[in-house]
Amino acid sequence: MKVLKSYQVILTGVFFMLLTAGSMFGQNFKMDNSSEIIVEGTSNIHDWEMKATSKQGGATITTEDGKLTGISKLQVSIPAESLESGKGGMDKNAYKALNTNKHKNIEFKLDEVKKIEANGSNSFKVNGLATLKISGVSKQVPVEFTAKLNGNKLEINGEESLNMTNYKIDPPTAMFGTITTGEEVNIKFKSTFSK
C-alpha cells in the first residue's frame, strides 16, 4: 500500500513538473501572409516606398508564466523581386541595383538576443544582433523590436535604417541620372506569426 502511494506521489510530481515546464519548451510559429514589410527611401524629387508582396519566415520562442523569456529562432526571407512600388520603371531599377538575377532573396536571421524586457501588457522590448543578407552581402547588425504575445499569435514590430552602399548596392537612378535616390533606407516591419 505504501509502495502504491509512493508511486502515486511520484507520478503526480512528474505530471506537475511537465505542466509547469511545458511553457519552457520552444513554441514554433509561422509567418502569416498578412505581415507587412515596407522599405522607405528618398530621392531628389520625392520620397518613395516599396512593399514586400511575398515573404516567409518562422520563429521559436520560450515563455514562462505568459512572459517571453527567449527567442531561439527568428528568420524571414523575402524574394527581392516581390518588392513593389506600384511603378514598373522604379521597380526595374531597384531589381537591377539589387542584382536580382544572381541574388534572389533578402534574408534576415536573428543571431543573438541580448535583452528582453517587459514593455506593457504581453508586450516585450527585444534587443539583439541579426544577420541581414542583401544582394549576396551579409552583415551583422544590431536590432531592436517589440514582441507581443496574443493567444496563439506572436506580433513583431519595429523599424531599422540601413545604408545601401554597405551592401555594395548603388542607389538606383532614373531618367538618365536626373532622378537619384538617397543611400539611406528605412525598413518597417509589422509581422504576425501563428502557431
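Analysis parameters
- Residues numbered from 1 in each chain as written.
- Predicted model: local features only at pLDDT ≥ 70, side-chain atom pairs only at ≥ 80, totals over all residues.
- Heavy atoms only, no water.
- Buried < 20%, exposed > 50% of the residue type's maximum accessible area, 1.4 Å probe, protein only.
- Helix = DSSP H or I, 4+ residues; strand = E, 2+ residues; numbered from the N terminus.
- Arc of directions from axis to C-beta.
- Contact = heavy atoms within 4.5 Å.
- Polar contact = N/O pair within 3.5 Å; in protein donor to acceptor, adjacent residues only side chain to side chain.
- Pairing = 2+ DSSP bridges.
- Salt bridge = Lys/Arg side-chain N within 4 Å of Asp/Glu carboxyl O.

Caption draft 1: Expanded view of helix α2 (residues 88-98). All buried positions along α2 are accounted for by D91, A94, Y95, A97 and L98. Burial along α2 is one-sided: seen end-on, the buried residues are contained in an arc of 160°. Facing away from the buried side of α2, by more than 90 degrees, are the exposed residues K92 and K96. Buried residues along α2 sit in contact with β3 (48-52), β6 (83-84) and β8 (123-134). Count one or two residues on from α2 and you reach N99, which has phi positive near 55°.

Caption draft 2: Structural view of the environment of E81. With respect to the helices and strands, E81 occurs in the loop between β5 (67-79) and β6. Among the residues examined, E81 registers a relative accessible area of 43% and is labelled partly exposed. Note: C-alpha distance between E81 and N101 (20 residues apart in sequence) is 9.6 Å. Non-local contacts of E81, meaning those with residues more than four positions away in its chain, are made with Y95 and T100. A distance of 2.6 Å separates the side chain of E81 from the side chain of T100, its partner in a polar contact.

Caption draft 3: Local environment of the pairing of strand β1 (residues 27-31). With burial as the criterion, only one face of β1 is covered, namely that bearing Q27, F29 and M31; the residues N28 and K30 on the opposite face remain uncovered. Alignment of β1 against strand β13 (residues 184-194), held across two bridges, turns out to be antiparallel. Looking at β13, one finds that K30 is bridged to S194.

Caption draft 4: Layout of the pattern of salt bridges. Under the definition given, this model contains five salt bridges. The closest approach of N and O atoms between D32 and K153, which form a salt bridge, is 3.1 Å. Taken together, the positions of D32 in the loop between β1 and β2 (36-41) and K153 in strand β10 (residues 153-163) put the pair 121 residues apart, joining distant regions of the chain. Note on K153: relative accessible area 34%, which makes it partly exposed. E112 is the salt-bridge partner of K114, the closest N and O atoms lying 3.5 Å from each other. Classification of E112 by relative accessible area gives partly exposed; the value is 37%.

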